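Chain by chain, the residues run as shown.
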Amino acid sequence: MQPQITVLDAGGQYCHLIARKVRELGVYAAVAASDTPAEKLRGSKGVIISGGPSSVYDAGSPTIDPVLLAAGIPVLGICYGQQLMAHLLGGQVDLGEHGEYGFAQLSISASPSALCAGVHGRQQVWMSHRDLVVKPPPGFQVLATTFTCPVAAMESISQKLYGVQFHPEVVHTPCGQTILSNFVLGICGCQPDWNPAGQVLALENQIRKTVGARSVFFFVSGGVDSTVAYTLCLRALGPERVHGTYVDTGMMREGETDFVRQQFAGLGARAFFIEDARDLFVSALAGVTDPETKRHIIGEKFVDVQQRILESEHYSEDNWILGQGTIYPDTIESGGSAKADLIKTHHNRVAGIQKLIDQGRVIEPLANFYKDEVRAVGRELGLAPELLDRHPFPGPGLAIRCLCSDIERKPDPIQDGWIIPIRSVGVQGDSRTYRPVLALDTPPASDEAAAAIINRRQDVNRIVGVSRTCAPLSMLSVTRCSITMQRLDRLRHADAIVRKLSLEFGFDQRVWQFPVVLIPLGTNERPDSIVLRPIESVDGMTARAVRLPDDLLEKMTDELIQLEGVAGVFYDLTNKPPATIEWE
Ligand code: XMP
């Protein structure tokens, strides 16, 4: 489908969010490389240049084909996009010393304006920039300013060029959708042409055309994307021609395998298989404590199992093709999604699978869809809400929530709490760091105060609050251990309790994800503790720690502390960054 709006990716983490927001206006938008030749963009009614972390003065910073700015196609530059436009057209961009991150007050100074039509006076906007435009290019009118930005928005109606320094695509800019709508529907004159739920018949036709006389097999995970992709194929081709295999690695949550079995039976799947590989995975992880080695081993075992299934079921023969639940952000290597790509590849790139991909024997029906659009398709297909509204769950499963240790050591007391000598992962800049955890009996009242503590200390990645321990922290100790079925079961039970109570209290709808983590801190009889990690997020790239209501925390703690082997309950107070969502 030809996009009416093309979003040029200048490396910003919000690039996909811009395309999603345009699609929410009912207009099909796609993401392309920033230097896409202007000639190729002529089919679009408008172009948006995304933000990005670079400075226009950096060697090799993303740029655009300058012809685009004189091509008569309306162009909107956002943040770095505006700076690039100003730089290329003779305006002035200054290097910012400190940058500006977070809320700012926008004062709309010009009226009438095509871009800011209907947006008046003072408005809250979200900023995330270092450099700034201090003088617009010739022929541009300044539309708005903030305390620090003399050119917070600008336009040249005759040249059809527009720019904003702030981010209209994020929820923290309430007038943002009006501004995007002014550009997309008003200035570019786009007509609504996009309704994901209305695509079901077209998707089924496309599947029949691509598959031809062949059949399709899937490795399903129980997640939303692969289930919706599978269901589309099932409807398009019928149950005899669509096979699915789910690999039970032993790293699944309680009841997961039965849940998946029931869901697929309910869909009318006939050739649906469960591969019980629990012993294989658990024994391969025995004695392993290093987090990245654990991930690597799981990735390798997946490869082995998938390869074995490919060969034993004859799926590598010509009459079979592979179905995958790949979605749009996974298909594009952009600045913001590069890490997500890295994380996911090990499941999708088994040698046998790579061969199928090289031969073009792959079908990815959802490759143009965003997650919320996949959910809309799933609803249209009649899939159950408890499947569509599931929280994301990582491929390596509970393995990365079951922390291991190769040392034996007591927590170190410090002035305001304890340093727990386990290693949890954080993100500092682009690199992952493994550091101990700070536990506080009386945690700071606000998120800001917790963030300030963690920013002050370079020796820890996270802060946790202590909910309850079976003995004073000075009596507990971190012990040597790796993954065992007993520890996995302990974590599974804890996770099931947390899920049950979150549902009962309606708390699961308030969070984007709620990892439950097992750490080897305890006593001889009770060697482990539980950490609760509820977070809010839009896409997992950044996250805010969410506090549990007091009554829910109390109830969870009551039930968790009674579990076999559990010595304490903690809750994570750290945002991402500096901590990641998962603990490994
Ligand atoms: P982090 O922990 O990096 O997680 O803040 C961001 C999102 O990615 C998920 N995640 C993974 N997903 N394989 C996956 O398929 C992995 O190894 C993996 N590690 C983290 C995590 O659950 C969160 O949604």
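Cut-offs and rules
Residues numbered from 1 in each chain as written. Predicted model: local features only at pLDDT ≥ 70, side-chain atom pairs only at ≥ 80, totals over all residues. Heavy atoms only, no water. Helix = DSSP H or I, 4+ residues; strand = E, 2+ residues; numbered from the N terminus. Rg over C-alpha atoms; globule rule 2.2 N^0.38 Å. Buried < 20%, exposed > 50% of the residue type's maximum accessible area, 1.4 Å probe, protein only. Contact = heavy atoms within 4.5 Å. Areas by Shrake-Rupley, 256 points an atom, 1.4 Å probe, with all protein chains shown as cover. Lys, Arg positive; Asp, Glu negative; His and termini not counted. Charge placed at Lys NZ, Arg CZ, Asp CG, Glu CD. Right-handed = clockwise from strand over helix to strand, strands pointing away. Pairing = 2+ DSSP bridges. Near = heavy atom within 4 Å. Polar contact = N/O pair within 3.5 Å; in protein donor to acceptor, adjacent residues only side chain to side chain. Nonpolar A, V, L, I, M, F, W, Y, C, P; charged D, E, K, R; others polar. Salt bridge = Lys/Arg side-chain N within 4 Å of Asp/Glu carboxyl O. Domains from an automatic or database assignment. 1 Å grid on protein atoms, 1.4 Å probe; cavity = no way out; pocket = protein on both sides within 12 Å on 5 of 7 lines; lining within 4 Å. Points joined across faces, edges and corners; volume = space filled by probe spheres on them. Disulfide = S-S within 2.5 Å.

Asker: Could you give an account of the overall build of the chain, with specific residues and numbers?
Answerer: Counting its regular elements, the chain contains 16 helices and 27 strands. Computed over its C-alpha atoms, the radius of gyration of the chain comes to 26 Å, within 12% of the 25 Å expected for a compact globule of 584 residues. For the chain, the C-alpha atoms occupy an extent of roughly 75 × 70 × 45 Å along the three principal directions. A burial count over the chain gives 56% of its 584 residues as buried. Restricting the contact set of the chain to residue pairs at least 6 apart, pairs at least 24 apart contribute 76%. When the accessible surface of the chain is split by element, carbon and sulfur atoms take 52% of a total near 24,200 Å². The average position of the 55 basic charges and that of the 67 acidic charges among the side chains of the chain differ by 1 Å.

Asker: Tell me about the pairing of strand E13 (residues 242–248), and name the residues and values.
Answerer: Within a regular strand, the side chains alternate between the two sheet faces. The buried fraction of E13 is high, at 7 of 7 residues. Every second residue of E13 is oriented toward a common face, with Val242, Gly244, Tyr246 and Asp248 on one face and His243, Thr245 and Val247 on the other, all of them buried. Regarding topology, helix H5 (residues 224–237) serves as the crossover connection from strand E12 (residues 215–220) to the parallel E13, and that connection is right-handed. Pairing of E13 with strand E14 (residues 271–276) involves 6 bridges; the strand directions are parallel. Within E14, the residue paired with Thr245 across the bridge is Phe273. Handedness of the E13-helix H6 (residues 256–267)-E14 crossover: right-handed.

Asker: Describe the site of the ligand, naming the residues involved and giving the relevant values.
Answerer: Near the ligand you find 15 residues, and of these Arg295, Gln513, Lys576, Ile581 and Glu582 are the closest. Within the side chain of Gln513, a nitrogen or oxygen atom sits 2.8 Å from an oxygen atom of the ligand. Interatomic distance of 2.5 Å between a side-chain N/O atom of Glu582 and an oxygen atom of the ligand. Taking 490 Å² as the accessible area of the ligand by itself, protein coverage stands at 89%. Of the residues belonging to the shell around the ligand, the class tally is 6 nonpolar, 4 polar and 5 charged.

Asker: Residues and numbers for the pattern of salt bridges, please.
Answerer: Counted under the stated rule, the structure contains 34 salt bridges. Here Arg253 and Asp495 are joined by a salt bridge, their closest N and O atoms 3.0 Å apart. Here the residue Arg253 occupies a position in the loop between E13 and H6, and Asp495 occupies one in helix H15 (residues 485–504), the gap between them amounting to 242 residues. Among the residues examined, Arg253 registers a relative accessible area of 15% and is labelled buried. A salt bridge links Glu256 to Arg390; its shortest N-O distance comes to 2.7 Å. One end of the pair, Glu256, is in helix H6; the other, Arg390, is in the loop between helix H13 (385–388) and strand E17 (412–414), with 134 residues separating them in the sequence. Linked through salt bridges whose partners overlap, the residues forming this network are Arg487, Arg490, Asp528 and Glu564.

Asker: For the domain arrangement of the chain, give the residues involved together with the corresponding values.
Answerer: Splitting the chain by domain gives domain 1 (5–187), domain 2 (196–395) and domain 3 (402–572). Inter-centroid distance (C-alpha atoms) of domain 1 to domain 3 is 41 Å.

Asker: Could you give an account of empty space enclosed by the protein, with specific residues and numbers?
Answerer: Counted according to the given criterion, the structure contains 1 cavity of 30 Å³ or more. Size it by volume and the largest cavity reaches roughly 50 Å³. Considering the residues around the largest cavity, the lining is formed by Asp447, Ala450, Ala545, Val546, Arg547, Tyr571, Asp572 and Leu573. Elements represented by at least two residues in the lining of the largest cavity include exactly helix H14 (447–456) and strand E27 (566–572).

Asker: How would you sum up the pairing of strand E10 (residues 153–156)? Please name residues and give values.
Answerer: Alternating residues of E10 divide into Ala153 and Glu155 and Met154 and Ser156, and every residue in both groups is buried. In this sheet, E10 lies alongside strand E9 (residues 141–145) in antiparallel orientation, the contact comprising 3 bridges. Pairing of Gln141 across the sheet is with Glu155, part of E10. Pairing analysis gives 4 bridges linking E10 to strand E11 (residues 161–164), with the strands arranged antiparallel. Paired with Ser156 across the two strands is Leu161, which belongs to E11. The antiparallel hairpin formed by E10 and E11 contains 4 residues in its connecting segment, where Lys160 sits at a positive phi of about 60°.

Asker: Tell me about the sheet that holds strand E16 (residues 362–363), and name the residues and values.
Answerer: Across a sheet, strands are paired by hydrogen bonds formed along the backbone, either parallel or antiparallel in direction. Spatially, the 5 strands line up as an open sheet ordered E14-E13-E12-E15-E16, and their pairing is parallel. Strand pairing shows two members of the sheet lacking a second neighbour, E14 and E16, which therefore form its edges.

Asker: Explain the state of the cysteines residue by residue, including any values.
Answerer: The tally for this structure, following the rule as stated, stands at 0 disulfides. The thiol of Cys175 is not disulfide-bonded; the next cysteine sulfur, from Cys116, is found 7.5 Å away. Cys175 sits in the buried class, given a relative accessible area of 5%.

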